[in-house]
Amino acid sequence: MRKKILVIHGPNLNLLGQRETDVYGTASLESINRELRREAGDLEAELESYQSNHEGALVDRIQEASGKVDFIIMNPAAYTHSSVALRDALQAVQIPFIEVHLSNIYGREEFRQNSLIAPVALGQICGLGPLGYKLALRAALEYLGRGKEAAGL
Ligand code: DQA
């Protein structure tokens, strides 16, 4: 059975490639999603991506994933630092997930150094740019394929 992976991108990530390129790089969201889909195909998994600038829409997408998705990879963007609603949604659906950030949030402004989401995530990858999503995909499939203990997670 092909594993189903959902990648969720939070607010302003639709502007990737144009927005603060010194911090977030020059890759567009479309190209990141395209590469991830290709990579997932090579690894015999199904990957769908979703982006929204709206907290409620992100909550809805997480709720919809319940029972349909095996793993979530999520960059909650600015909501990382503020959203109890996203954290609750992720916890409610009980789908394992990895939090990804393009930038190293711990080397930036103090308000970015706290994630409300990370404590309920399987893990967090930050500071590696778009590579972080690919690593999260590999970790997700390893985790799903071999179980948490065998994957050494
Ligand atoms: C981000 C880091 C957040 O602090 C910021 O609000 C973003 C992007 C990242 O990928 O580095 O929008 O999540």
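Values in this document were obtained by computation on a predicted structure and should not be read as measured data.

1. With respect to the site of the ligand
The environment of the ligand is formed by R19, Y24, N75, A77, A78, H81, H101, L102, S103, I105 and R112. Separating an oxygen atom of the ligand from a side-chain N or O atom of R19 is a distance of 3.1 Å. H101 places a polar side-chain atom, nitrogen or oxygen, 2.8 Å from an oxygen atom of the ligand. When the ligand is considered free in solution it has 330 Å² of accessible area, and contact with the protein chains removes 99% of it. The residue makeup of the shell around the ligand, split by class, is five nonpolar, four polar and two charged.

2. Things to note about the side chain of E99
If you trace the backbone, E99 turns up in strand β4 (residues 97-101). Separated by 3.0 Å, the side chains of E99 and Q124 make a polar contact. In this view, E99 contacts M74, P76, T80, S115, I117, A118, A121, G123, Q124 and I125; residues no more than four positions away in its chain are not counted.

3. Observations regarding helix α4 (residues 84-93)
Here α4 has its buried residues at L86, A89, L90 and V93. Viewed along the axis of α4, the buried residues span an arc of 95°, placing them on a single side of the element. In this structure, the buried side of α4 is in contact with α3 (55-64), β3 (71-75) and β4. Structurally, the start of α4 carries an N-cap: the backbone nitrogen of A85 is 3.4 Å from a side-chain oxygen of S83. Once α4 ends, the next one or two residues include Q94, with phi positive near 60°.

4. A short note on the pattern of salt bridges
Evaluated as defined, the whole model comprises seven salt bridges. For E39, the salt bridge goes to R138, with nearest N and O atoms at 3.3 Å. Taken together, the residues span a long stretch of sequence, with E39 in helix α2 (residues 29-42) and R138 in helix α5 (residues 131-150) at a distance of 99 residues. On the basis of relative accessibility, which here comes to 46%, the residue R138 falls in the partly exposed class. Linking R108 and E109 is a salt bridge whose minimum nitrogen-to-oxygen distance equals 3.8 Å.

5. Quick notes on the packing of aromatic side chains
Throughout the structure, instances matching the rule amount to one aromatic pair. Ring centres of F71 and Y143 lie 5.9 Å apart, and the angle between their planes is 70°; this geometry places the pair in the edge-to-face category. Within this pair, whereas F71 is found in strand β3, its partner Y143 is found in helix α5, the two being separated by 72 residues in sequence. Note on accessibility: F71 and Y143 belong to one class, buried. For the cation-ring pair, R61 lies above Y50, with the distance from its terminal atom to the ring centre recorded as 6.0 Å.

How each quantity is defined
- Residues numbered from 1 in each chain as written.
- Predicted model: local features only at pLDDT ≥ 70, side-chain atom pairs only at ≥ 80, totals over all residues.
- Heavy atoms only, no water.
- Near = heavy atom within 4 Å.
- Polar contact = N/O pair within 3.5 Å; in protein donor to acceptor, adjacent residues only side chain to side chain.
- Areas by Shrake-Rupley, 256 points an atom, 1.4 Å probe, with all protein chains shown as cover.
- Nonpolar A, V, L, I, M, F, W, Y, C, P; charged D, E, K, R; others polar.
- Helix = DSSP H or I, 4+ residues; strand = E, 2+ residues; numbered from the N terminus.
- Contact = heavy atoms within 4.5 Å.
- Buried < 20%, exposed > 50% of the residue type's maximum accessible area, 1.4 Å probe, protein only.
- Arc of directions from axis to C-beta.
- Salt bridge = Lys/Arg side-chain N within 4 Å of Asp/Glu carboxyl O.
- Phe/Tyr/Trp six-rings, centres within 6.5 Å; stacked < 30°, edge-to-face > 60°.
- Lys NZ or Arg CZ within 6 Å of the ring centre and 35° of its normal.

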